[in-house]
Amino acid sequence: MNAIAAITRATRFRRAQAQTPAGLVPQVRQPKFHFPDDLPKYWWANDPARTLLLAALSSGFPAGERFFIDSVRHYQDRIDDPQLQQAVRGFIGQEAHHSKEHKMLNGYLEQRGIGLGRLEQEIQDLLDWMRKTFTPERQLAHTVAVEHFTALMAEEFLLKYDALEEMDPRMAPIWAWHAIEESEHKAVAFDVYRAIGGSEFIRLSEMLVVSVLFPLFTTVHLVQLMKEDGQLGNLKSWAGTLNYLWGKPGVFRKLLPSYFKYYSPNFHPWNHDARALVAQAKRKWLDKDAG
Ligand SMILES: [Fe+2]
Ligand SMILES: [Fe+2]
């Protein structure tokens, strides 16, 4: 009797899994960003730690996005579903532009004395090692896990709170555009992983790896950037940023429940539907013809 009840519960559980909404295909936009010379050095809330946190994240994007593309492209020929095929093309197009525009942003920040070149190389070396060491399935699982992180950062950090409004208005659009597109394509790698019959053990174990590597690299890189910038002892900036992330409003603290949903057997990125938030952000931050 207990076994029957457990099967019934498990069946209900599986039925609860969301799907990517029909017809939702990531749209490739090609905005051109320009960063003027008179932008303040600390362009988010005039605060070193917050600004350098985003700079540290940006240092990982050029190589990271290329890794995501290649891990999905590896399985492109095995996708039969026409909507998913189209979504994969949209995903590749979006991530390629993110890589290119963040490379440009990183170069701009480097010229202004923020040493992102070395950080970019460290991430590149790590990803090169993973390409040589991991199976294609684990590389795709890595992408799926990081895409959950980026969707959380987009939907439950950048678009939900006041970060974009607090940034210099000439810096906010690149972050808004990236966040919008991360939300749009958040399920593509996951859907490919599911379509190829990816292992649940590898999906979850790789999330554990990412959950150590992503915060570790980001924190170490932030500390290095603060040190190089002579801001390591800026306790006001550290305390304000820690409070923002973990205290009040506590954006990281509040996204933890969404993070843990990844470990559920019925996880699907579209269990959390942020389309209303994204539509609002599109109206505010994207050109009308960019959609
Ligand atoms: Fe991206
Ligand atoms: Fe992405």
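Because the structure is predicted, anything quoted here is derived from the model rather than measured. (Residues numbered from 1 in each chain as written. Chains lettered and ligands numbered in written order. Predicted model: local features only at pLDDT ≥ 70, side-chain atom pairs only at ≥ 80, totals over all residues. Heavy atoms only, no water.)

Undergrad: Help me understand the overall build of the chain, please; the structure alone is not making it clear to me.
TA: When helices and strands are tallied, the chain shows 12 helices and zero strands. Going from N to C terminus, the chain has its helices and strands arranged as α-α-α-α-α-α-α-α-α-α-α-α. A compact globule built from 291 residues should have a C-alpha radius of gyration of about 19 Å, and the chain, at 19 Å, falls within 12% of that. With the C-alpha coordinates aligned to their principal axes, the bounding extent of the chain is approximately 65 × 40 × 40 Å. Look at the contacts in the chain between residues 6 or more apart in sequence, and 86% of them connect residues 24 or more apart. Accessible area for the chain stands at about 13,900 Å²; split by element, carbon and sulfur atoms hold 59% of it. Here the chain carries 35 positive and 34 negative side-chain charges, and the mean point of each set is 6 Å from the other. (Helix = DSSP H or I, 4+ residues; strand = E, 2+ residues; numbered from the N terminus. Rg over C-alpha atoms; globule rule 2.2 N^0.38 Å. Contact = heavy atoms within 4.5 Å. Areas by Shrake-Rupley, 256 points an atom, 1.4 Å probe, with all protein chains shown as cover. Lys, Arg positive; Asp, Glu negative; His and termini not counted. Charge placed at Lys NZ, Arg CZ, Asp CG, Glu CD.)

Undergrad: Which parts of the structure should I look at to understand the packing of aromatic side chains?
TA: Each aromatic ring pair is characterised by the separation of its centres together with the angle its planes make. Inspection of every chain in the model, using the stated rule, returns 18 aromatic pairs. Note on Phe157 and Phe252: the rings are 5.6 Å apart at their centroids and 90° apart in plane angle, and the pair reads as edge-to-face. Here Phe252 lies in helix α11 (residues 251-260) and Phe157 lies in helix α5 (residues 136-158), a separation of 95 residues in the sequence. Considered together, Phe157 and Phe252 belong to a single accessibility category, that of buried residues. Each residue in the set Phe149, Phe190, Phe214, Tyr259, Phe260, Tyr262, Tyr263 and Phe267 is aromatic and connected to the rest through ring pairs, giving one cluster. Over the ring of Trp44 we find Arg50, and its NZ or CZ is 5.8 Å from the ring centre. Across from the ring centre of Tyr262, 4.6 Å away, lies the NZ or CZ of Arg203, which sits over that ring. (Phe/Tyr/Trp six-rings, centres within 6.5 Å; stacked < 30°, edge-to-face > 60°. Buried < 20%, exposed > 50% of the residue type's maximum accessible area, 1.4 Å probe, protein only. Lys NZ or Arg CZ within 6 Å of the ring centre and 35° of its normal.)

Undergrad: Would you explain α5 in this entry?
TA: Taking 1.5 Å of rise per residue, 23 residues should cover 33 Å, and α5 covers 31 Å from first to last C-alpha, within 8% of that figure. Where burial is concerned, most of α5 is hidden: 21 out of the 23 residues are buried. (Expected span 1.5 Å × (residues − 1).)

Undergrad: Even after reading the chapter, I still don't get the pattern of salt bridges, so can you show me in this structure?
TA: Two side chains bearing opposite charge may form a pair once their charged atoms approach each other closely. All told, the structure shown has 21 salt bridges when counted by the stated rule. Two residues, Glu122 and Arg118, come together in a salt bridge whose shortest N-O distance is 2.9 Å. Placement of the pair is Glu122 and Arg118 together in helix α4 (residues 116-133), with a separation of four residues, close to one helical turn. Within this structure, Arg29, Glu181, Glu184 and Lys282 form a network of salt bridges that share partners. (Salt bridge = Lys/Arg side-chain N within 4 Å of Asp/Glu carboxyl O.)

Undergrad: What am I meant to see in the coordination of the iron ion (ligand 2) here?
TA: Within the protein, the iron ion (ligand 2) binds to Glu95 (OE), Glu147 (OE), Glu147 (OE), Glu182 (OE), Glu182 (OE) and His185 (NE2); these donor distances fall in the range 2.1 to 2.7 Å. In this structure, the iron ion (ligand 2) is surrounded by six donor atoms whose angles at the metal cover 51 to 150°, and the resulting shape is irregular. If you look at the iron ion (ligand 2) and the iron ion (ligand 1), they sit 3.7 Å from each other and are both ligated by Glu95. Both residues of the pair, Glu182 and His185, count as buried. (Donors = N, O, S within 2.8 Å, 3.2 Å for Na, K, Ca; no water. Tetrahedral: all angles 85-135°; square planar, octahedral: opposite > 155°, others 65-115°.)

Undergrad: Before we go on, may I ask you to explain the coordination of the iron ion (ligand 1) in this structure?
TA: Tetrahedral coordination by four donors sets the ideal angle at the metal to 109.5 degrees; octahedral coordination by six donors sets it to 90 or 180 degrees. Surrounding the iron ion (ligand 1) are the protein donor atoms Glu65 (OE), Glu95 (OE), His98 (ND1), His178 (NE2) and Glu182 (OE), at 2.0 to 2.4 Å. Spacing between the donor residues of the iron ion (ligand 1) along their common chain follows E-x29-E-x2-H-x79-H-x3-E.

Undergrad: Would you take a moment to explain the environment of Ala172 for this structure?
TA: You can see Ala172 is positioned in helix α7 (residues 172-184). Ala172 sits in the buried class, given a relative accessible area of 0%. Expressed as a C-alpha distance, the spacing of Ala172 and Trp44, which sit 128 residues apart in the sequence, is 8.7 Å. Discounting residues that sit within four places of it in the chain, Ala172 has contacts with Leu164, Met167 and Trp285.

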